Amino acid sequence: MTRIIGGRAGSITLEVPDAGTRPTSDRVRESLFGALESADALRGAAVLDLYAGSGALGLEAVSRGAASADLVEKAPRAASVVQRNAARVAKSVGRDARIDVHRTAVTAYLGARRGPFDIVFLDPPYDVSETDLAAVLELLVPCLAPEAVVIVERAGRSPQPVLPAGLVAGRSKRYGDTTLWWSSPATYEVEPEAESD
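Residues numbered from 1 in each chain as written. Predicted model: local features only at pLDDT ≥ 70, side-chain atom pairs only at ≥ 80, totals over all residues. Heavy atoms only, no water.

Peer 1: Honestly, the packing of helix α2 (residues 56-63) against helix α3 (residues 76-93) in this entry has me stumped. Any pointers?
Peer 2: Think of two packed helices as two axes; the pair is described by the angle between the axes and how far apart they sit. Across the interface, α2 lies against α3 with an axial gap of 10 Å and an inter-helix angle of 5°. Our classification of the angle between α2 and α3 gives roughly parallel. For the pair formed by α2 and α3, the contact residues are L59, V62 and S63 on the first element and N85, A86, V89 and V93 on the second. Here the contact of α2 with α3 is composed, by residue class, of 5 nonpolar, 2 polar and no charged. (Axes fitted to C-alpha atoms, helices over the stretch in contact; angles between N-to-C directions. Helix = DSSP H or I, 4+ residues; strand = E, 2+ residues; numbered from the N terminus. Parallel < 35°, antiparallel > 145°, perpendicular 65-115°, else oblique. Contact = heavy atoms within 4.5 Å. Nonpolar A, V, L, I, M, F, W, Y, C, P; charged D, E, K, R; others polar.)

Okay, structure coming up:
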């Protein structure tokens, strides 16, 4: 079972697509959002959730004070699940936040030069290659606010994502067989720090 962990929509149960996605575990989300809240990054933020799956990351951000979330999911069944989850969370947060679900490919969405976004989550499927991920990150750069935070979730065995010229690496943290890689625009560097547990 996946649920919203904290904030105004805390404890709401989220549907999970029946195939093709791997929801971020509660443990990883707890740690991730604890770090974002301690940096005061969530309040009023414009959030982008790419390869949204169930939408759990973007919706958790809205529950905890983000002003908006754009959830991008191409797979039709998963996009329908995201839409239903977004409707549940929207009921709890009311007009305090905007939630939009985009049924399109990540590259098509980013190609339209959206944004600027303050926080971006990327949790691509395992079959998205490192080369394809690097291309997505390059498309993302013009869509970022100057002090944006970009968080990529990959399998623990995956290499560090290849960053384009416009992004610099920050911290990374491994949770079992999942690793979170943080980066930020080259004009605003997150202090690097490597952690593992």
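Still more to cover.
Peer 1: Looking at this structure, I do not really get the nonpolar core. What am I missing?
Peer 2: As a rule of thumb, soluble globular proteins bury nonpolar side chains together. Core analysis: the biggest nonpolar cluster contains 35 residues, and L32, L36, L71, V89 and F121 have the highest contact counts within it. Secondary structure elements with two or more residues in this core: α1 (26-38), α2, β4 (68-72), α3, β5 (98-102), β6 (117-122), β7 (144-155) and β9 (178-185). Ignoring anything within four residues of it in the chain, the contact list for L36 reads A41, L42, I119, F121, I151 and W182. Judged by nonpolar contacts, the second largest core, of 23 residues, contains L48, V72, C143 and W181. (Core = buried A, V, L, I, M, F, W, Y, C linked by side-chain atoms within 4.5 Å. Buried < 20%, exposed > 50% of the residue type's maximum accessible area, 1.4 Å probe, protein only.)

Peer 1: Just checking my understanding: could you explain the pattern of salt bridges for this structure?
Peer 2: Where charged atoms from two side chains of opposite charge approach closely, those side chains can pair. In this structure the tally under the stated criterion is 12 salt bridges. We note a salt bridge from R64 to E37, for which the minimum N-O separation is 3.0 Å. Residue R64 is found in the loop between α2 and β4, and its partner E37 is found in helix α1; the two are separated by 27 residues along the sequence. What makes R64 buried here is its relative accessible area of 15%. Via salt bridges that share partners, R3, D26, R29, E37, E60 and R64 belong to a single interconnected network. (Salt bridge = Lys/Arg side-chain N within 4 Å of Asp/Glu carboxyl O.)

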